[in-house]
Amino acid sequence: LISSNEELQSANEELQSRNEELHTVNAENQLRIKQIMELNDDLNNYFASSDIGQVFLDSNLLIRKYTPQATALINLIETDVGRPITHISNNISYPDLTRDINHVLKHLTPLEKSLRIGNNKWYQMKIMPYLREDKTMDGVVLTFVDITAMKMVEKELKTANRKLRELNDNLLRSNKELEQFAYITSHDLQEPLRKIQT
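Computed from a predicted model, the values in this text were never measured in an experiment.

**Q** It is not clear to me how the environment of Q124 should be interpreted in this structure. Could you clarify?
**A** Here Q124 lies in strand β4 (residues 121–131). Note on Q124: relative accessible area 19%, which makes it buried. Taking the C-alpha atoms as reference, Q124 lies 6.5 Å from D146; in sequence the two are 22 residues apart. In this structure Q124 touches E112, K113, S114, T143, F144, V145 and I147, once residues within four positions along its chain are discounted. For Q124, the side chain forms a polar contact with the side chain of S114, separated by 2.8 Å.

Next up, the structure:
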């Protein structure tokens, strides 16, 4: 009995030791879960506050995640996570989207295009490889940046440049006419000046 009691005490001490270890591991896991939740909250707030639309796709073109701003371009709802992007209607009139995504998946080279959506909206679309921490490629990230204001300024600059060229051409024409007038006037005044000199 004494021997059995000693064994039980030894087993009890070992269980207490393991229980303490489990408690420590559990506390560490709880801390990690808290850090992951904070990081997830940070990412969600970042996505919500950003003006950039993003769609994360895996290598099978299934939607992983998206930002709220992407819903205006691609008609996404929460239940679309896990669905192929090819099954979802979008407002982008760009038929080569799937081909370009597959090109980036195959060659791992980013692709950038300017897209016009509707009559008055312009977006800079970038398709980039989705890289994991170990540098393995696991899909693509579609990014849409609204460049409408930049396109409007560009259009205004082109109009202003065209007007400046027209004004410059008119000025050159006026200068030529003035030169011709000066030449004719000079030529016509030479004869009376000769007579006056003589």
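Back to the text.
**Q** What exactly am I supposed to notice about the nonpolar core here?
**A** A general tendency of soluble globular proteins is for nonpolar side chains to be buried together. In terms of nonpolar packing, the biggest core is built from 26 residues, with V55, L57, I74, I101, I127, L142 and F144 touching the most fellow members. The set of elements that each furnish at least two residues to this core consists of β1 (53–57), β2 (63–66), α2 (97–107), β3 (111–117), β4 and β5 (137–146). It is α2 that provides the largest number of residues to this core, a total of four residues. In contact with I101, other than residues within four places in its own chain, are L57, L61, I127, V140 and L142.

**Q** Is there a simple way to think about a nonpolar patch on the surface in this case?
**A** Judged by side-chain polarity, L189, L193 and I196 come together as a nonpolar surface patch covering roughly 330 Å² of accessible area. Tracing the sequence through the fold places I196 in helix α3 (residues 148–197).

**Q** When you look at the confidence of the model for the protein in this model, what are you seeing that I'm missing?
**A** A low pLDDT means the predicted coordinates there should not be read in detail. Of the residues in the protein, 100% reach a pLDDT of 70 or more, and the chain-wide mean stands at 89. Per-element averaging of pLDDT across the protein places β3 at the bottom with 88 and helix α1 (residues 2–49) at the top with 92.

**Q** Please clarify how unusual backbone geometry should be interpreted in this entry.
**A** Keep in mind that most residues, glycine aside, have a negative phi and that most peptide bonds are trans. A positive phi angle, close to 65°, is found at L61, a residue other than glycine. Inspection of the secondary structure assignment puts L61 in the loop between β1 and β2. L61 gets classed as buried once you look at its relative accessible area, which sits at 10%. In this structure, L108 is a non-glycine residue whose phi angle is positive, near 60°. Structurally, L108 is set in the loop between α2 and β3.

**Q** For this particular structure, what's the right way to read the sheet that holds β4?
**A** By way of backbone hydrogen bonds, the strands of a sheet pair with one another, either parallel or antiparallel. Pairing is antiparallel in the open sheet, where five strands are placed in the order β2-β1-β5-β4-β3. Each edge of the sheet is formed by a strand with only one pairing partner; in this case those strands are β2 and β3. Put simply, the sheet's adjacent strands are angled 20° from each other on average, direction ignored. Pairing geometry for β4 and β5, over eight bridges, is antiparallel. Following the sheet pairing, I127 is matched in β5 by L142.

The rules behind the values
Residues numbered from 1 in each chain as written. Predicted model: local features only at pLDDT ≥ 70, side-chain atom pairs only at ≥ 80, totals over all residues. Heavy atoms only, no water. Helix = DSSP H or I, 4+ residues; strand = E, 2+ residues; numbered from the N terminus. Buried < 20%, exposed > 50% of the residue type's maximum accessible area, 1.4 Å probe, protein only. Contact = heavy atoms within 4.5 Å. Polar contact = N/O pair within 3.5 Å; in protein donor to acceptor, adjacent residues only side chain to side chain. Core = buried A, V, L, I, M, F, W, Y, C linked by side-chain atoms within 4.5 Å. Patch = residues over 30% accessible without salt bridge, like charges linked within 9 Å, V, L, I, M, F, W, Y side chains within 5 Å. Areas by Shrake-Rupley, 256 points an atom, 1.4 Å probe, with all protein chains shown as cover. Salt bridge = Lys/Arg side-chain N within 4 Å of Asp/Glu carboxyl O. pLDDT = per-residue confidence, 0-100. Pairing = 2+ DSSP bridges. Axes fitted to C-alpha atoms, helices over the stretch in contact; angles between N-to-C directions.

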